[in-house]
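Residues per chain, in single letters:
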Amino acid sequence: MNSAQRTQTATTAEPQLPLRYAPTIAVDDAAEAGPQRILVLGATSGIAEATCRLWAERGDHLFLVARNADKLNVVAADMRVRGAGYVDTAVVDLDDTTKHAELLAHAVNSLAGLDVAFVALGVLGDARESELNFAEANRILQTNFVSAVSLLTWLGNFCAQRHHGTLAVLSSVAGDRGRKSNYVYGSSKAGLSTFVDGLRNRIDREGVRVLTIKPGPVKTAMTEGMRSSDKFADVETVATSLVKAIGKRAGVVYVPGKWWIIMRVVTLIPEFIFKKLDL
Amino acid sequence: MPFEQQTTPIKPPFESWGRYPAYDATLKPLHWQGDFPAAIAGAISGALPVGMGRSYGDVCLLKEGTLVPTIGMNRLLDFNAETGLLTAEAGITLAQILDFAVPRGYFLPVTPGTKYVTLGGAIANDVHGKNHDVTGSFGNHVPCFELMRSDGTRMLCSQRENPDWFAATIGGMGLTGLITWAQLRLQPIVSRMIDYQGIQFHGIDEFLDLKKQYENVAYTVSWVDCVSTGKNFARGIFMLGDHSKVPSELKTTPKPKLVFPFNAPGFALNRASVSLFNTLFFHKQMKSHVKMLQDYEPFFYPLDKVLHWNRMYGKRGLLQFQYAIPWEHAKEGTEAILKEIAKSGLASFLAVLKTFGDIPSLGMMSFPQAGIMFALDFPIKPNVSFPLMQRLGDMTLEFGGRLYPAKDACMTASQFQAFYPKWQQFSKYKDPALTSSFWERVTGEGTAQ
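What you see is a predicted model; the values in this text were computed from it and never measured. (Residues numbered from 1 in each chain as written. Chains lettered and ligands numbered in written order. Predicted model: local features only at pLDDT ≥ 70, side-chain atom pairs only at ≥ 80, totals over all residues. Heavy atoms only, no water.)

(A) Geometry of helix α8 (residues 235–247) of chain A. Residues and elements named next belong to chain A. A rise of 1.5 Å per residue sets the reference length of α8, with its 13 residues, at 18 Å; its end C-alpha atoms lie 18 Å apart and thus fit the reference within 8%. Three or more residues of α8 are buried, namely Val235, Val238, Ala239, Leu242, Val243, Ala245 and Ile246. Along the long axis of α8, the arc covered by the buried residues comes to 165°, so they all point the same way. Contacts from the buried residues of α8 go to α2 (46–58), β4 (116–119), β5 (166–170), β6 (209–215) and β7 (252–255). (Helix = DSSP H or I, 4+ residues; strand = E, 2+ residues; numbered from the N terminus. Expected span 1.5 Å × (residues − 1). Buried < 20%, exposed > 50% of the residue type's maximum accessible area, 1.4 Å probe, protein only. Arc of directions from axis to C-beta. Contact = heavy atoms within 4.5 Å.)

(B) Region of interest: the sheet that holds strand β1 (residues 26–27) of chain B. Residue and element names in this part refer to chain B. With parallel pairing, three strands are arranged side by side in an open sheet as β1-β3-β2. Single-partner strands in this sheet number two, and they are β1 and β2 (47–50). Two elements, β1 and strand β3 (residues 66–69), share two bridges in a ladder whose sense is parallel. Pairing of Thr26 across the sheet is with Thr66, part of β3. (Pairing = 2+ DSSP bridges.)

(C) Fine view of the packing of aromatic side chains. All names here are of chain B. The final tally for this structure, using the stated rule, is 28 aromatic pairs over all chains. On the numbers, 6.4 Å between centres and 65° between planes, the contact of Trp423 with Trp439 is edge-to-face. Here Trp439 lies in helix α13 (residues 437–443) and Trp423 lies in helix α12 (residues 423–427), a separation of 16 residues in the sequence. Accessibility expressed as a relative area gives 5% for Trp439, which makes it buried. Here Lys130 stacks its cationic end above the ring of Phe299, 5.9 Å away from the centre of that ring. (Phe/Tyr/Trp six-rings, centres within 6.5 Å; stacked < 30°, edge-to-face > 60°. Lys NZ or Arg CZ within 6 Å of the ring centre and 35° of its normal.)

(D) Up close: empty space enclosed by the protein. A complete count under the given rule lists three cavities of 30 Å³ or more for this structure. For the lining of the second largest cavity, the per-class residue count stands at eight nonpolar, three polar and no charged. (1 Å grid on protein atoms, 1.4 Å probe; cavity = no way out; pocket = protein on both sides within 12 Å on 5 of 7 lines; lining within 4 Å. Points joined across faces, edges and corners; volume = space filled by probe spheres on them. Nonpolar A, V, L, I, M, F, W, Y, C, P; charged D, E, K, R; others polar.)

(E) Representation of the interface of chain A and chain B. Facing 14 residues of chain A, the contacting portion of chain B comprises 15 residues. With both sides pooled, the region where chain A packs onto chain B buries about 1,200 Å², and carbon together with sulfur makes up 57% of that total. Of all residues in chain A, A:Val74, A:Val81 and A:Glu224 give up the largest surface area on contact with chain B, accounting jointly for 41% of the area buried on that side. At the surface where chain A touches chain B, the tally comes to one salt bridge. Residue B:Arg75 is joined to A:Glu49 by a salt bridge in which the shortest nitrogen-to-oxygen separation is 2.6 Å. At the boundary of chain A and chain B, one finds three residue pairs in polar contact (both at pLDDT 80 or more). (Buried area = accessible area lost by both parts, 1.4 Å probe. Salt bridge = Lys/Arg side-chain N within 4 Å of Asp/Glu carboxyl O. Polar contact = N/O pair within 3.5 Å; in protein donor to acceptor, adjacent residues only side chain to side chain.)

Just distances and angles here, no functional claims.
Following this line, the structure appears as structure tokens:
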């Protein structure tokens, strides 16, 4: 079976997915009891894994997507043992946007609906290499921006149609202002943040909550070996804030909260000073 | 071993709990099992997988080498709620296991005095607990684990499969390869509470009588005053407990909030302050015999309440001395060593006395052996502490005992090779890419006398 055929079946299957709410009513999800059906894209990222543990402990239903089968298998086993009510996985390289529709349709079928989609895919890339070599810059933009946009387009329309769901998107404080140390990564996250702002503006009125998450530096595998990484936020603390934020009606959330203040200051610095700084 | 202040880096990247010795090293933290060979590829002066750095000396250090911290590799892989058999990646800490297991009605089969150690570290040092007399050491409760060598080969190890590798890795100080995951047989509990009793005693004879009297109690340990002489010589408190059989709520433990915030100045711990502490501690228990119900946290982990308590010993750090002497010479050896310590005038308030039972450890290099075990901390006073440690090591050897590598920073190559006669057999299982500062010190050429 080739992938075009599968995409075909996925598209035709879509209208048969459960319609849980009357289209015109906005529902307060917080009042809803029972396990949440959560799709996690980029489930082996440090922040996603720590967040999934908290969901698993609550008994939520998880569909986990990642590129590496070995890593995904141990993460899925961990979630099962911790108490997730249901765990399914798919090994997919999300850089290939042609597979997205098929994957997402399969995921919502597997979960029998969708309450939360956590878009957590991302690469830090090699900042120095991306300054010199467009191939590296392209790789960063592809994963962090293009792939995320493709996923969110499908998910946004799916949720808007059903007037239900929360899209939680992992962006970064690095997207708030370009800095010489990682502006390619920063611009991929800036593009993502702006896209998500617009998507929220469009589908919030349809009863879909769209959340932009902007973590400061966090101690994970991604930031290993970075300067002063022992001062970074603990991933467990960040995960706890994320689970809270995803349960609330927030639009943009900085974790830890101090980064809201820091980034206000950073964005206020006049350009004629900023361009001389080593940030 | 001389006091190496000159080579001490200002801020070592990875410290052992004693903070002595302190070495520079490259850190390659591990998050995924399969990344191990890549993490240590190209390591010039060797590599060593490490956990939480709770061992005291240099078994978890490698001077100028590559350390591979494993705490990022901490996933639960399987749990059988009927049998209590838990499978987890080796970087998980015992604290994390307790957070998972206690609400489900299970407890660790054996626990050391801190819960901030990894599963892999507990196996690699074959740690023991207050219940050694009745359950043996940690390795006795590990049905199997997977060992990954530096070349990427994986071996399932148990008493049936690869039994020689199983025996070499338990107590193998992380030198046989990386333990990727392990199984642990948990014990059922119905309550967090411990039926606790504390009984004052004077002298080793009284201690041994108490031990005999309560030989059916699971957990026994004693605190001993090593400063007092004369009629208070070897006074102490015999503490015993067992899991309460009365069902009560099985909550998880809240995270500790107290952190010892700074390095205490070198003079903070002196004979006067420790003597005062010991007298207060001895008489804190007003009656000579108390009985109470106590939560498991203060019973098993009294010091875990204050994170970084080792800072109390200041920047120089501390030395620990821990021996196990077989019954034959246990009493005379312990009395002689206690006298030697009191005579030295080096203060120490963390002195622990207990007995080891007959259940043999499964590890080739395991520390526990039936007899008396004694442990205490010393502050580092270069001209006094090191010669004393040397003397105490020789006395231990004389009485047929051995010292504990996980607690040691001072034993010489000749002492080690006498304590652990199987070391040459063990070295056949050592991974060629792995080593530790401890191993280099106690097997290094030219150091054996």
